[in-house]
Amino acid sequence: MKTRITELLGTRYPIIQGGMQWVGRAELASAVSNAGGLGVLTALTQPNPEALRAEIARCREMTDKPFGVNLTILPSTAPPPYEEYLDAALESGVRIIETAGRSPKEFIAKAKEAGAKIVHKCTAVRHALSAERAGVDAISIDGFEAAGHPGEDDIGGLVLFASAARAVKVPLIASGGIGSGRGMAAAMMLGAEGVNMGTRFCATKEAPIHDEIKQALLRASETDTTLIFRTLRNTGRVLKNAVSEEVVATERRPGGCEFEDIRHLVAGARGREALVEGKVDGGLVWASQVIGLIEDIPTCAELIERMVADCRAAIDDGLKAFG
């Protein structure tokens, strides 16, 4: 497959592994890159910039293919040293940076000066256009089906991908609810030139999370996610479990809810422990509606090769319908 995304990233296929907190580590990123996609390390999974340097070095020992680093920039009263994480990636030779959250404008000049390409992940066309004006090289846009924070507009991928493709000039990557070759074909027909997958890559052999979490994703249907933080205007999509149900119940109680009321439930350390120890009901497990399409736990190579073959077959079948 050859698109502007494969040319930009230097990959065989236009398939990107999303940058996921606690999951975007060397084991998964290297496996995706070795399979022809783009693996992505998550900067803030590492406790400090020096640890990110070490993780990049570890990933490089596991693959000689391109991989990227995700830097999610979020509002905070005590923000992490974002620029130091960026410096660690650039000085370690990483030339693909995936940004998300707040506008990456303040970091673009430094990344460009180092010869890096920036893929910005956003949830609305207006944000995509803003990032394009700021100089990013590609846009990855999240439909409402996505795990994590899909924005507050509630626009599904079928409309959002087509709308974004019509609006932006830089290459577009479809994200959210992609987990099969048919979904990839649909995204390409809507105008995307690549796809980004997070949840589907969690259900692979190389994903560095406990098998009990992978089995929970395998058992779940597309109705088994829930939306949290709605009342706080910071919507997040997660797997339905005891913790997420308690969060939603707290948000719905009479008198309203403040973040402090649920902080103990949604703490990052608690979510990390759940992933590592396999405690499905122990913390938040971020997951998209694509869980309804997960039928096995393959290797990353098996998943990517199957997706590409199924994508090509779906496109061929679609063309046959027109004689």
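Structure: above.
First, a word on scope: everything that follows refers to the structure included in this document. (Residues numbered from 1 in each chain as written. Predicted model: local features only at pLDDT ≥ 70, side-chain atom pairs only at ≥ 80, totals over all residues. Heavy atoms only, no water.)

1. Comments concerning the nonpolar core
Core analysis: the largest hydrophobic core is formed by 78 residues, its most contacted members being Ile15, Val69, Ile139, Ile141 and Phe201. For this core, the element with the highest residue contribution is helix α14 (residues 300-320), accounting for seven residues. Apart from residues no more than four positions distant in its own chain, valine 69 is found in contact with Val40, Leu41, Ala43, Leu52, Ile56, Ala89, Val94, Ile96, Ile97 and Glu98. Within the second largest apolar cluster, eleven residues are counted, among which are Ile228, Val238, Ile262 and Leu284. (Core = buried A, V, L, I, M, F, W, Y, C linked by side-chain atoms within 4.5 Å. Buried < 20%, exposed > 50% of the residue type's maximum accessible area, 1.4 Å probe, protein only. Helix = DSSP H or I, 4+ residues; strand = E, 2+ residues; numbered from the N terminus. Contact = heavy atoms within 4.5 Å.)

2. Let's talk about the packing of aromatic side chains
In the structure shown here, the tally under the stated rule is one aromatic pair. Stacked on the ring of phenylalanine 144, the Lys or Arg arginine 237 has its end atom at 4.9 Å from the ring centre. (Phe/Tyr/Trp six-rings, centres within 6.5 Å; stacked < 30°, edge-to-face > 60°. Lys NZ or Arg CZ within 6 Å of the ring centre and 35° of its normal.)

3. Regarding helix α8 (residues 181-189)
Restricting attention to buried positions, one finds in α8 the residues Gly181, Met184, Ala185, Ala187 and Met188. One side of α8 holds all its buried residues, which, seen down the axis, span an arc of 160°. Turned more than 90 degrees away from the buried face of α8 sit Arg182 and Met189, all of them exposed. Where α8 is buried, its residues meet β1 (15-17), β7 (172-175), β8 (194-197) and α14. Directly beyond the C-terminal end of α8, a positive phi value near 115° is found at glycine 191. (Arc of directions from axis to C-beta.)

4. Quick notes on the pairing of β7
Going residue by residue along β7, you find Leu172 and Ala174 tucked away on one face and Ile173 and Ser175 tucked away on the opposite face as well. Looking at chain direction, strand β6 (residues 138-142) and β7 are connected through four bridges and run parallel. In the sheet register, isoleucine 139 faces β7, and the bridge partner there is leucine 172. Traced from β6 through helix α7 (residues 157-167) to β7, the parallel crossover comes out right-handed. Relative to β8, β7 runs parallel, the two being bridged by three bridges. Along β8, the bridge assignment pairs serine 175 with asparagine 196. (Pairing = 2+ DSSP bridges. Right-handed = clockwise from strand over helix to strand, strands pointing away.)

5. Description of the packing of helix α4 (residues 82-91) against helix α5 (residues 105-113)
In contact at an axis separation of 11 Å, α4 and α5 are set at 20° when each is read in the N-to-C sense. Judged by the inter-axis angle, α4 sits roughly parallel to α5. Crossing geometry of α4 relative to α5 is assigned as right-handed. Between α4 and α5, the contacting residues are Tyr82, Glu83, Leu86, Asp87 and Leu90 on the first element and Phe107, Lys110 and Ala111 on the second. A breakdown of the residues in the contact of α4 with α5 according to their chemical character gives five nonpolar, no polar and three charged. (Axes fitted to C-alpha atoms, helices over the stretch in contact; angles between N-to-C directions. Parallel < 35°, antiparallel > 145°, perpendicular 65-115°, else oblique. Left-handed = near helix turned anticlockwise from the far one by under 90°. Nonpolar A, V, L, I, M, F, W, Y, C, P; charged D, E, K, R; others polar.)

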